[in-house]
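Summary of structural features
These are the residues of each chain, in order.
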Amino acid sequence: MKVLLLSAEVEPFAKTGGLADVAASLPQALNDLGHEVAIMMPGYRRALYAGRPIRETGVRVRVPIGHRTLEGRILVSSLPGSDVPVYLIDYAPYFDRTGIYGAEGVDYPDNCERFVFFQRAALEGIRMLNFQPEIIHCNDWETGLVPAYLEEVYRPQPGSVFRQVSTVMTIHNLAYQGSFWHLDMPLTGFDWSLFTPDRLEAYGRLNFLKAGLVYADLISTVSPTYAREIQAPEGGRGLDGLLRARQADLYGIVNGIDVTVWNPAIDPHLTARYTVKTWPAGKAANKASLQRLAGLPERADVPLMAAISRLDPQKGWDLVVDAAGELLRRDLQIVILGTGEPRYEMALQQLAQEYPDNLRVYLEFSQPLAHQLEAAADLFLMPSLYEPCGLNQLYSLAYGTVPVVRATGGLADTVVDATDETLQNQTATGVSFTDPTAKALIRAVDRALALYADSDARSRLVSTGMHADWTWHRSAEQYARLYETARLRRAGSHLS
Ligand code: ADP
């Protein structure tokens, strides 16, 4: 199949979260399965200076934005170590900026037109590039209008190359919908008659993601549990009714991990590389060097728990901050790596001052440190309030770092709670808890500490986790089946 993946983030060109990892790894894995894949993303300044070779395609696209017509150009690069092309839509007034979505925590005020431009330019570009996809795979709100443009604007055109093109819309995080005030509607070029609750409008506003969910042939999200959660009012963020209506077209596919990057046997960031056979010695060496780096007492026997994530309420930081004082009274070292909301940065810094002997906080974004921490830690804490898929618990499993998670979304689908039964039948991989409270978190950590102290139980957990297959190959096969279904759906469109 010929697949075009559209994404606002692609590693190593531009990344703020897991979307960038998916947008780089899935195309590569599909390519390995024999499909022909290309990627399109905006040509942000950081993407053009990401150190990848870039050349001109010679393709210029003219894009209507309101009453204006803007001209952009399409550049092409490729994913590292692969020939999957990455097309970069370049228009300096929109994308030659320091940020992706904004600067210093504030969104750019013209994000609506920036991403309208990206989406229309992508469709205009396809007409001129030598790549005619059968499937357009849209990811998150920045690409949500594409299925609507195809249906309302491009397919009806005489001789349209898009007539047989199917669309899949993937939700990586329903909290971000691209919701803009209604007066941005004219920027899109859509007729006002489409500004209705069964098309582009959600609660009086223009909603990009909703457009994708209405118009795409199929919808997916990044875990089966999250696919169920978003159909309920508590998880649906106002779109649960629509998602329930499209239940039959909604799939959940867990992300994979890039095992060329996240593999303790070859990871260049580690002090000692290790495998499922050599993990006790490997982890001990990494732990000692991390303790040295972090200025924590160099003790092999003390359990070390890591957390790496955006400092955002989604990730359960309120629970961590509430529980920290109690947890740090235990014989336990905690190392936290994260950036984000200042209130959490301040709270964590204060805790680090109070508990210098067993807490170290790094308020930075550092890939090397993220790798070292995964290898060094015994336990990994991820108490998310909601988690569409989550990658760090998968990295933790691969690194033999026992995850302690809240059972939500992808965390529920990927971590098997340790009970007598699951330990016995060798399916347990971690510890999970349900209540979003500090008390439940502390109980879960205490259970994890008890398992850590029991060397037989610990070995079983680590070994089952390290053996689990969370490679992209597995996910890509599921996406390929999804694309196949989308092709069949196009024959009989669901829109009346
Ligand atoms: P989300 O996409 O919601 O942020 P995921 O777990 O899916 O959460 O992906 C987060 C990605 O960002 C992971 O690759 C994680 O290692 C990385 N990450 C988050 N914060 C940091 C940080 N401070 N330093 C290094 N990597 C980080």
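Residues numbered from 1 in each chain as written. Predicted model: local features only at pLDDT ≥ 70, side-chain atom pairs only at ≥ 80, totals over all residues. Heavy atoms only, no water.

**Remarks on the site of the ligand**
The following threshold applies: The rule for a residue being near a molecule or strand is that one of its heavy atoms must lie within 4 Å of it. Polar contact is defined as a pair of N or O atoms within 3.5 Å, subject to the rule that within protein one atom must be able to donate a hydrogen and the other to accept it, and that residues adjacent in sequence are counted only when both atoms are side-chain atoms. Residue burial considers only the protein chains on display, and all accessible areas are found by Shrake-Rupley using a 1.4 Å probe.
Looking at the ligand, there are 18 residues lining it, with Gly-18, Arg-310, Lys-315, Glu-364 and Leu-391 nearest. At 2.8 Å, a backbone N or O of Glu-364 approaches a nitrogen atom of the ligand. Side-chain polar atom of Asn-392 to an oxygen atom of the ligand: 3.3 Å apart, as the coordinates give it. When the ligand sits alone it has 560 Å² of accessible area, and the protein chains cover 93% of it.

**A word on the packing of helix α4 (residues 111-128) against helix α5 (residues 145-154)**
When two helices pack together, their arrangement is given by the angle between the helix axes and the distance between those axes. Let me state the cut-off plainly: Axis lines are fitted to C-alpha atoms, over the contacting stretch for helices. Their N-to-C directions set the angle, which ranges from 0 to 180 degrees. Helix numbers and strand numbers start at the N terminus; a helix is a DSSP run of H or I with at least 4 residues, a strand a run of E with at least 2. Each angle is binned into one of four classes, with values under 35 degrees roughly parallel, values over 145 roughly antiparallel, values of 65 to 115 roughly perpendicular, and all other values oblique. Handedness of a crossing follows from how the near helix is turned relative to the far one, being left-handed for an anticlockwise turn of less than a right angle and right-handed for a clockwise one. Whether two residues touch is decided by their heavy atoms; if any such pair falls within 4.5 Å, the residues are in contact. For this scheme, ten residues count as nonpolar: Ala, Val, Leu, Ile, Met, Phe, Trp, Tyr, Cys and Pro. Four count as charged, namely Asp, Glu, Lys and Arg, and the remainder, Gly too, count as polar.
Their axes nearest at 10 Å, the elements α4 and α5 cross at an angle of 55 degrees. Relative to α5, the element α4 is oriented oblique. Handedness of the α4/α5 crossing: right-handed. Of the residues in α5, those in contact with Val-116, Gln-119, Arg-120, Leu-123, Glu-124 and Arg-127 of α4 are Leu-145, Val-146, Tyr-149, Leu-150, Val-153 and Tyr-154. Residue composition of the contact of α4 with α5, by class: 8 nonpolar, 1 polar and 3 charged.

**Notes on helix α1 (residues 18-32)**
Going by this rule: Given a helix with a known number of residues, its expected span is that number minus one, times 1.5 Å. Using a 1.4 Å probe on the protein chains alone, a residue whose accessible area is under 20% of its type maximum counts as buried, one over 50% counts as exposed, and one in between counts as partly exposed.
Helix length check: α1, at 15 residues, gives a terminal C-alpha distance of 21 Å against a target of 21 Å (1.5 Å per residue), a fit within 8%. Burial analysis of α1 places 11 of its 15 residues in the buried class, the great majority of the element. What α1 keeps buried is the set Leu-19, Ala-20, Asp-21, Val-22, Ala-23, Ala-24, Ser-25, Leu-26, Pro-27, Ala-29 and Leu-30. Those residues of α1 that are buried are in contact with β1 (2-6), β2 (36-42), β8 (135-139), α14 (392-398) and α19 (472-491). The positive-phi residue at the C-terminal boundary of α1 is Gly-34, with phi of around 100 degrees.

**Considerations on the domain arrangement of the protein chain**
Note the threshold: Where each domain begins and ends is defined by an automated method or by a domain database. Summed over both partners, buried area is the accessible surface (1.4 Å probe) that two parts give up on being assembled. Think of a salt bridge as a Lys or Arg side-chain nitrogen and an Asp or Glu carboxyl oxygen that are within 4 Å of each other.
One can read the domain layout of the protein chain as domain 1 (2-256 + 473-495) and domain 2 (279-468). Relative to domain 2, the C-alpha centre of domain 1 lies at a distance of 33 Å. In this complex, domain 1 contributes 19 residues to the contact, which on the side of domain 2 involves 18 residues. Across the domain 1/domain 2 interface, buried area totals approximately 1,200 Å², and carbon plus sulfur atoms make up 53% of it. Inspection of the domain 1/domain 2 interface yields 0 salt bridges. Seen at the junction of domain 1 and domain 2, the total is 7 residue pairs in polar contact (both at pLDDT 80 or more). Those elements that provide at least two residues to the side of domain 1 that touches domain 2 are α1 and α8 (224-229). Per element, the largest residue contribution to the side of domain 1 that touches domain 2 is 4 residues, and it comes from α8.

**Considerations on the packing of aromatic side chains**
Where two aromatic rings form a pair, the distance of their centres and the angle of their planes describe that pair. Put simply, the rule reads: Geometry of aromatic contacts follows a simple scheme: Phe, Tyr and Trp rings, the Trp one being its six-membered ring, pair when their centres are within 6.5 Å, and the pair is stacked under 30 degrees between planes, edge-to-face over 60, tilted otherwise.
In total, this model carries 17 aromatic pairs according to the counting rule given. Ring geometry for Tyr-479 versus Tyr-483: centroids 6.3 Å apart, planes at 40 degrees, classification tilted. Of this pair, Tyr-479 and Tyr-483 are both found in helix α19, 4 residues apart, which corresponds to roughly one turn of the helix. Accessibility classification places Tyr-479 together with Tyr-483 in one group, the buried group.

**Side note on the pairing of strand β9 (residues 166-171)**
Test applied: In this description, strands pair whenever DSSP reports at least two bridges between them. Every crossover in which the path from the first strand over the helix to the second runs clockwise, viewed with the strands pointing away from the viewer, is termed right-handed.
Counting buried residues in β9 gives 6 out of 6 residues, a clear majority hidden from the surface. Burial of the side chains of β9 extends over both faces: Ser-166, Val-168 and Thr-170 are buried on one face and Thr-167, Met-169 and Ile-171 on the other. Two strands pair when backbone bridges link them, and β8 and β9 are joined in this way by 5 bridges, in the parallel orientation. Pairing of Asn-139 across the sheet is with Thr-170, part of β9. Between the parallel pair β8 and β9, the chain is carried across by α5, and the sense of this crossover is right-handed.

**Some points on helix α7 (residues 208-215)**
In terms of burial, α7 is largely enclosed, as 8 of its 8 residues are buried. Listed as buried for α7 are Phe-208, Leu-209, Lys-210, Ala-211, Gly-212, Leu-213, Val-214 and Tyr-215. At the N-terminal boundary of α7, the capping side chain belongs to Asn-207, with an oxygen 3.2 Å from the backbone nitrogen of Leu-209.

**Description of the pattern of salt bridges**
Note on pairing: side chains with opposite charge can pair once their charged atoms come close. Under the defined criterion, the tally for this structure stands at 33 salt bridges. Linking Arg-155 and Glu-151 is a salt bridge whose minimum nitrogen-to-oxygen distance equals 2.6 Å. Residue Glu-151 is classed as partly exposed on the basis of its relative accessible area of 23%. Of the charged contacts in the structure, one is a salt bridge between Asp-456 and Arg-460, with a shortest N-O distance of 3.7 Å. Note that Asp-456 and Arg-460 are positioned in helix α18 (residues 455-467) at a spacing of 4 residues, about one turn of the helix.

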